[in-house]
Amino acid sequence: QFESFIRMFSSRPPCNVGDSVTDVETPALLVCLKKLEQNLNTLKEAMKAYPSVKLRPHAKTHKCAMLARLQIQSGAVGLCCQKLTEAEALVQGGIQDVLLSNQVINKKKLLRLASLARSAHIAVCVDSERNIEDLSEAAKTLDVMLDIVIEVNVGGFRCGVEPGPDVARLAKKVMSLPNIRFKGLHCYNGRNQHIRSLADRQAAVNEVIEKTKLALSALKESEIECNYVTGGGTGTFHLEAASEVFTEVQPGSYVFMDVDYGLNLDGEEKFVSEFQQSLYILSTVQSVAENRAIVDVGLKAVSLDSGVPTVGDQLWLIPGHCDPTVNMHEWIVGMRDGRVESIWPIGGKGPGI
Ligand code: PLP
Ligand code: MN
């Protein structure tokens, strides 16, 4: 934990609160606070259509406890994260309920995970008996309780056991060991999020729902109670939430959006998303020629239909993919009406799990 604390404060922010946007040193990661707030509110309103479904946004998008706290204030029951450093950043930032929606394998890391359970409710995904044994041992060593969520392969063919007897076998294993508790199922297919047409996306999620039902039947046959099924991202959460099978959804990118999500289509096959682009990379034009402009963000060239910028002009670039872009930066600069209003450390950044 100390390591990520040092990382949090090791770099100098690119600006001060109150600066004008033209004073921000580039490249910098900017968030338009008005659009961010709109996105938080849009999701909160959208979730009213599914009163029995809880919202647990995914923090892999922002890796930032300050933003996670805004999500809690906006109706989230807790956060998901994809790696231990993200979980540490969230718990340090006061988030009380975290699901690490991935496997944590290394025994030292399991102790770090277990130690977070002293300060917050911690759940983690598993897909092997060996990992369940190691989790129980780590939790027992630190005298804490960890919630265990069984990851099911619902068509993504990444982590997860097949939806059948293996699910019940792992649940029984969890119930047989101390300091761990069976919480439910993780049924997520990332590939479905960016299927462009709504009809194709619905068909893909139907497959997820069918596989999830198979996993639930396997538990029922073994008389194992399960009242927690989590999954779904920005592209599909409406469909999981309406399924009457999922009890929780995990959209992440909705706070920022990106070019990739901007290409998803709605029911009328239009590029219309209920969420707004709020994330930008602020860059400075460092060199121009007749037909090109070079910016300080690693892009080789930009073609601009509204004229060539001059050296020193700032450009607001929309990232193709929000989560990996955030991971390259140390700070999220919050802008409102052209001024810096907040500077948030990206405490959960880093390469590894
Ligand atoms: N849940 C899990 C397990 C994920 O891996 C992700 C992202 O890849 C999400 C939710 C959130 O997806 P998105 O950022 O597309 O909303
Ligand atoms: Mn993504």
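Residues numbered from 1 in each chain as written. Chains lettered and ligands numbered in written order. Predicted model: local features only at pLDDT ≥ 70, side-chain atom pairs only at ≥ 80, totals over all residues. Heavy atoms only, no water.

1. As for the packing of helix H6 (residues 129-141) against helix H7 (residues 165-176)
- Interaxial distance between H6 and H7 falls to 10 Å at its minimum, and their mutual angle equals 20°. It follows that H6 is roughly parallel to H7 by the angle criterion. Considering the relative orientation of H6 and H7, their crossing is right-handed. Between H6 and H7, the residues in contact are Glu129, Ile132 and Glu133 and Arg169, Leu170, Lys173 and Val174, respectively.
- Taken together, the residues of the contact of H6 with H7 sort by class into three nonpolar, no polar and four charged. (Axes fitted to C-alpha atoms, helices over the stretch in contact; angles between N-to-C directions. Helix = DSSP H or I, 4+ residues; strand = E, 2+ residues; numbered from the N terminus. Parallel < 35°, antiparallel > 145°, perpendicular 65-115°, else oblique. Left-handed = near helix turned anticlockwise from the far one by under 90°. Contact = heavy atoms within 4.5 Å. Nonpolar A, V, L, I, M, F, W, Y, C, P; charged D, E, K, R; others polar.)

2. Some points on the sheet that holds strand E5 (residues 121-126)
- Ordered in space as E2-E9-E8-E7-E6-E5-E4-E3, the eight strands form an open sheet in which the pairing is parallel. Either end of the sheet is taken by a strand with one partner, and the two such strands are strand E2 (54-55) and strand E3 (79-81).
- The strands touched by H6 within the sheet are E5, strand E6 (146-151) and strand E7 (180-186), with E5 carrying the most contacts at an inclination of about 160°.
- Its contacts with the sheet place H7 against E6 and E7, and it is angled at close to 155° to E7. (Pairing = 2+ DSSP bridges.)

3. A look at the packing of aromatic side chains
- With the rule as written, the count across this model stands at three aromatic pairs.
- Ring plane angle 55° and centroid distance 5.5 Å describe the contact between Tyr254 and Phe275, whose orientation is recorded as tilted. Separated by 21 residues along the polypeptide, Tyr254 in the loop between strand E9 (248-249) and helix H10 (259-262) and Phe275 in the loop between H10 and strand E10 (279-289) bring together distant segments of the chain. Here Tyr254 matches Phe275 in class, with each residue buried.
- Taking 5.2 Å as the distance between ring centres and 75° as the angle between the ring planes, the aromatic pair formed by Tyr280 and Trp316 counts as edge-to-face. One end of the pair, Tyr280, is in strand E10; the other, Trp316, is in strand E12 (residues 314-317), with 36 residues separating them in the sequence.
- Judged by relative accessible area, which is 38%, Trp316 ranks as partly exposed.
- Three or more aromatic residues joined by ring pairs form one cluster here, namely Phe237, Tyr254 and Phe275. (Phe/Tyr/Trp six-rings, centres within 6.5 Å; stacked < 30°, edge-to-face > 60°. Buried < 20%, exposed > 50% of the residue type's maximum accessible area, 1.4 Å probe, protein only.)

4. Regarding a nonpolar patch on the surface
- Residues Val259, Leu263, Phe271 and Ile318 make up a contiguous nonpolar surface patch of about 370 Å² in total accessible area.
- Relative to the elements of secondary structure, Ile318 occurs in the loop between E12 and helix H11 (322-326).
- Of the residues examined, Ile318 reaches a relative accessible area of 43% and is grouped as partly exposed. (Patch = residues over 30% accessible without salt bridge, like charges linked within 9 Å, V, L, I, M, F, W, Y side chains within 5 Å. Areas by Shrake-Rupley, 256 points an atom, 1.4 Å probe, with all protein chains shown as cover. Salt bridge = Lys/Arg side-chain N within 4 Å of Asp/Glu carboxyl O.)

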